[in-house]
Amino acid sequence: MSASPRDRISALTSQIRDHQFAYYVLDKPTIADADFDLLLRELTNLETKHPELREADSPTQKIGGGFSTAFEQRDHLEKMMSLDNVFDPEELNSWFDRVAKEAPAAEWLCELKVDGLAINLLYENGILTRALTRGNGVSGEDVTLNVKTIKNLPHTLSGSGILALIEVRGEVYFPLAAFAELNDSLEESGKPLFANPRNAAAGSLRQKDPRVSASRPLSVVVHGVGANNGTNFQTQSQAYEALKAWGLPTSERYRVFTKREDVSRFISDYEAQRHNIEHEIDGVVIKVNQIAEQELLGSTSRAPKWAIAFKYPPEEVITRLLDIKVSVGRTGRVTPFAFMEPIKVAGSTVTNATLHNGQEVVRKGILIGDFVVIRKAGDVIPEVLGPVIEKRTGTERAFVMPNHCPECGSVLRAITQGDIDIRCPNARQCPAQLRERIYYIGSRAALDIDVLGYEAAQALLTDGIIEDESDLFNLTETKLVQSQFFTKKSKDGAQAGKNVHTLLEALSKAKSRPLWRILVALSIRHVGPTAAQSLATTFGSIKAISDASVEELARVDGIGATIAESIGEWFSEEWHRDIISKWEAAGVIMVAQESQKAPQTLAGLTFVVTGSLDSFTRDGIAEIITAHGGKPSSSVSKKTNYLLAGGDPGSKLAKAQEVGVPIIDEAQFKKLLEGLA
């Protein structure tokens, strides 16, 4: 027997409020966004059919984040509205039709829907006096001190025409690259990880100590105006230009269209490139551009009728966790991962997702047999966010981390005191560690050897062609033809043995890679590209690095005590020194030779790059800047010498304009490289 409308409305209201509390207060969502949207839509439809059953404080009448934490609640001068959502072209066209009935001459302003934390900024006589979260739309949390730590947000407006009072609406977000670095650092220190950049932004902004917020690279983009004492904007786009002229960080990606088909193209174009943007987006916002038409259309109790959000397909989905297994990485770290019922997310079907470490499994309360929320964005490995508690049947069971390595049987242990991870200590002979290290040598982060993939690494070891990575550069055609993997005919019908010659040629080229890439390829714990470049620049050779004391290493910019100790421990192992000796004997260049060294035309200059480039990849441009003596940086400051801006630049462009950093394009950058500027 189906529930009555009254009972169903009551159940939905309670369920939605619980999810909102987990999302807005705890920053720990318990349901995928798409599933939440379905619940809210069902409640809206029921209340439309039975308006007498609608409660005054129904979630359909209020904006979701109306829960108080430790911050003082203050009222917005003008209510902060939410947005209604559509999920497919048919729903979008229906919205277009409704708008066209009252505003037939409407233009459409399209902008990216940043997946962050809504903020309301009050400027009085050009000075930032208050910042509130959206809260319930009527009042929000006072986060003024924390917001003032955001580097790309001006505390004082500049330019002409500044109003005595204006509320500016925007979105605080956590850049994707910085989010990955933050979670890596939290994981290394044994602290809980953030589930996604939106949660990282919310968590960073809600710190009681503003110094913690200041340590997080938050950014903000503004996209609207609330209460004010007299704007005369004719269009939304004109408002954006004014905000930009006053020094506020507006998006460079918004566009104004007169045709629906252009709006549809904008939506599809950004869905295809959503993972090439510096921040997360979950859709596109379409607004009527003309202010007079906006006023004519008006709003409901929670959302304007003149704007809509087109939501992209979810990148968080729910599936069943069949088992939890462990993998062993190149540095011996044992990582639990989820083995799940196959499910499609972010355009690909996944069966595995990371769980980071045993403590994370416990912290998240995940049991084998649970339905779990998983998330995947772009090329990022899928991650399990947490269980769906209400779907439990009582048959679920806890996961227990193994005591022995699943590949070599060694007793697992923490290598250093206080290490959250357990590791396999059999670094030299563990098949998993060997395979992962050799595979990593071929990766783009290390020596960039395309043909040296996972299967090739496995074949080299399984077929006994090499014992470990020290033999890699002594490979010959005679050795490689003993493996079926390297002699089999490829799927496209290419000649047998092609892989043999391709690998040998690639290895020969890899011998002359820059010194820092050789360092990365050695899989020294904590030594990634940034640390390796600092070491190569400071010491100039592998020998000098190996001879340096821990104290000397720690004094290098970007190294510090932890990385220095790790380097010292690595070189203290005789079999590690044997790798260096064999590679060097095989012709691998272990010094930063002058013949390798590019002209130092960028010496002493710091560059920040934003937008898409035609002639360089992101990894490539950083390497070129470093090779020519410059320093690549991820954030704009007064110490930045140049901002290299490509197509569709992000908020870094506004920051550069604010602090007066010279902005150059690719052609000007190439002149600097050649020493012509």
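The rules we used
Residues numbered from 1 in each chain as written. Predicted model: local features only at pLDDT ≥ 70, side-chain atom pairs only at ≥ 80, totals over all residues. Heavy atoms only, no water. Helix = DSSP H or I, 4+ residues; strand = E, 2+ residues; numbered from the N terminus. Rg over C-alpha atoms; globule rule 2.2 N^0.38 Å. Contact = heavy atoms within 4.5 Å. Areas by Shrake-Rupley, 256 points an atom, 1.4 Å probe, with all protein chains shown as cover. Lys, Arg positive; Asp, Glu negative; His and termini not counted. Charge placed at Lys NZ, Arg CZ, Asp CG, Glu CD. Phe/Tyr/Trp six-rings, centres within 6.5 Å; stacked < 30°, edge-to-face > 60°. Buried < 20%, exposed > 50% of the residue type's maximum accessible area, 1.4 Å probe, protein only. Lys NZ or Arg CZ within 6 Å of the ring centre and 35° of its normal. Pairing = 2+ DSSP bridges. Axes fitted to C-alpha atoms, helices over the stretch in contact; angles between N-to-C directions. Expected span 1.5 Å × (residues − 1). Salt bridge = Lys/Arg side-chain N within 4 Å of Asp/Glu carboxyl O. Arc of directions from axis to C-beta. Parallel < 35°, antiparallel > 145°, perpendicular 65-115°, else oblique. Left-handed = near helix turned anticlockwise from the far one by under 90°. Nonpolar A, V, L, I, M, F, W, Y, C, P; charged D, E, K, R; others polar.

### Some points on the overall build of the chain
Right, so step 1: Along the backbone of the chain there are 25 helices and 20 strands.
Right, so step 2: The globule rule puts the C-alpha radius of gyration for 677 residues at 26 Å, and the 28 Å found for the chain is close to it.
Right, so step 3: Overall, the chain is about 80 × 70 × 55 Å in size when its C-alpha atoms are taken along their principal axes.
Right, so step 4: Residue pairs in contact within the chain that sit at least 24 positions apart in sequence constitute 67% of those at least 6 positions apart.
Right, so step 5: Taken as a whole, the chain presents about 31,400 Å² of accessible surface, with 50% of it coming from carbon and sulfur.
Right, so step 6: Across the chain, the 76 positively charged side chains and the 88 negatively charged ones have centroids separated by 1 Å.

### Some points on the packing of aromatic side chains
Right, so step 1: Per the counting criterion, the structure on display carries 13 aromatic pairs.
Right, so step 2: On the basis of an interplanar angle of 55° and a centroid distance of 5.6 Å, the ring pair of W95 and W108 is categorised as tilted. Of this pair, W95 sits in helix α3 (residues 89-102) while W108 sits in strand β3 (residues 108-114), and the two are 13 residues apart along the sequence. Residues W95 and W108 agree in their burial class; the two are buried.
Right, so step 3: Three or more aromatic residues link up through ring pairs in this structure, and these residues are W95, F96 and W108.
Right, so step 4: Above the ring of F339, the side-chain terminus of K325 is found at 4.4 Å from the ring centroid.

### Side note on the sheet that holds strand β4 (residues 117-124)
Right, so step 1: Spatially, β5-β4-β7-β8 is the arrangement adopted by the four strands of the open sheet, whose pairing is antiparallel. Strand pairing shows two members of the sheet lacking a second neighbour, β5 (127-133) and β8 (219-228), which therefore form its edges. Averaged over all pairs of adjacent strands, the angle between their axes in this sheet comes to 30°, without regard to strand direction.
Right, so step 2: In this structure, strand β7 (residues 165-173) lies alongside β8, joined through seven bridges in antiparallel fashion. The residue bridging I166 from the neighbouring strand is N228, located in β8.
Right, so step 3: Relative to the sheet, helix α6 (residues 197-205) contacts β4 and β7, its axis offset from that of β4 by approximately 45°.
Right, so step 4: The strands touched by helix α8 (residues 236-245) are β7 and β8; relative to β8, the strand with the most contacts, the crossing angle is about 115°.

### A look at helix α2 (residues 33-49)
Right, so step 1: If you check α2, its first and last C-alpha atoms are 25 Å apart, about what 17 residues at 1.5 Å a residue would give, namely 24 Å.
Right, so step 2: Three or more residues of α2 are buried, namely F36, D37, L39, L40, L43, L46 and E47.

### As for the pattern of salt bridges
Right, so step 1: For the structure on display, the rule yields 27 salt bridges.
Right, so step 2: Among the salt bridges present, the one from D323 reaches R397, with a minimum N-O distance of 3.9 Å. Here R397 lies in the loop between β16 (383-387) and α12 (431-441) and D323 lies in strand β12 (residues 316-328), a separation of 74 residues in the sequence.
Right, so step 3: D323 gets classed as partly exposed once you look at its relative accessible area, which sits at 24%.
Right, so step 4: The exposure class of R397 is partly exposed, given its relative accessible area of 48%.
Right, so step 5: Taking the shortest distance from any N to any O, the salt bridge between K582 and D471 comes out at 3.6 Å.

### Comments concerning the side chain of D282
Right, so step 1: Following the sequence through the fold, D282 ends up in strand β10 (residues 281-288).
Right, so step 2: Excluding residues within four positions of it along the chain, D282 makes contact with K113, D115, R274, F310, K311 and Y312.

### A word on helix α9 (residues 260-272)
Right, so step 1: Between the first and last C-alpha of α9 there are 19 Å, a value that for 13 residues agrees with the 18 Å anticipated at 1.5 Å per step.
Right, so step 2: Burial in α9 covers these residues: V263, F266, I267 and Y270. For α9, the arc enclosing every buried residue in end-on projection is 95°, short of the 170-degree limit, so these residues lie on one face.

### Details of the packing of α12 against helix α13 (residues 454-462)
Right, so step 1: Their axes nearest at 9 Å, the elements α12 and α13 cross at an angle of 130°. One way to sum up the angle between α12 and α13 is to call them oblique. Here the hand of the crossing between α12 and α13 comes out right-handed. Along its contact with α12, which presents L434, R435, E436, I438 and Y439, the element α13 presents Y454, A457, Q458 and L461.

### Considerations on unusual backbone geometry
Right, so step 1: Of note in this structure, S523 is not a glycine but carries a positive phi near 55°.
Right, so step 2: Position of S523 relative to the elements: it lies in the loop between α17 (515-521) and α18 (529-539).
Right, so step 3: Exposure remark for S523: the relative accessible area of 6% places this residue in the buried category.
Right, so step 4: Backbone geometry places H526, a non-glycine residue, at a positive phi of 80°.
Right, so step 5: Position of H526 among the secondary structure elements: in the loop between α17 and α18.
Right, so step 6: Note on H526: relative accessible area 28%, which makes it partly exposed.

### Some details on the sheet that holds β10
Right, so step 1: Reading across the sheet, the five strands line up as β2-β11-β10-β3-β9 and stay open at both edges, with mixed pairing between neighbours. Only two strands of the sheet have a single partner each, and these edge strands are β2 (85-86) and β9 (255-257).
Right, so step 2: With six bridges connecting them, β3 and β10 associate as antiparallel partners. Considered in β10, the bridge of L109 is made with K287.
Right, so step 3: Across the sheet, α9 lies against β3, β9, β10 and β11 (307-311), angled at about 20° from β3, the strand it touches most.

### Considering the side chain of R437
Right, so step 1: Along the polypeptide, R437 turns up in helix α12.
Right, so step 2: With a relative accessible area of 5%, R437 lands in the buried category.
Right, so step 3: Aside from chain neighbours lying at most four places away, what touches R437 is R330, A427, R428, E469, S523 and W575.

### Let's talk about the packing of α3 against α9
Right, so step 1: Between α3 and α9, the least distance of the axes is 12 Å, while the angle of their chain directions is 145°. Two packed elements cross with a definite hand, and for α3 against α9 that hand is right-handed. Where α3 abuts α9, its residues L92, N93, F96, D97 and A100 lie against R260, V263 and I267.
Right, so step 2: Per-class residue counts for the contact of α3 with α9 are five nonpolar, one polar and two charged.

Just distances and angles here, no functional claims.
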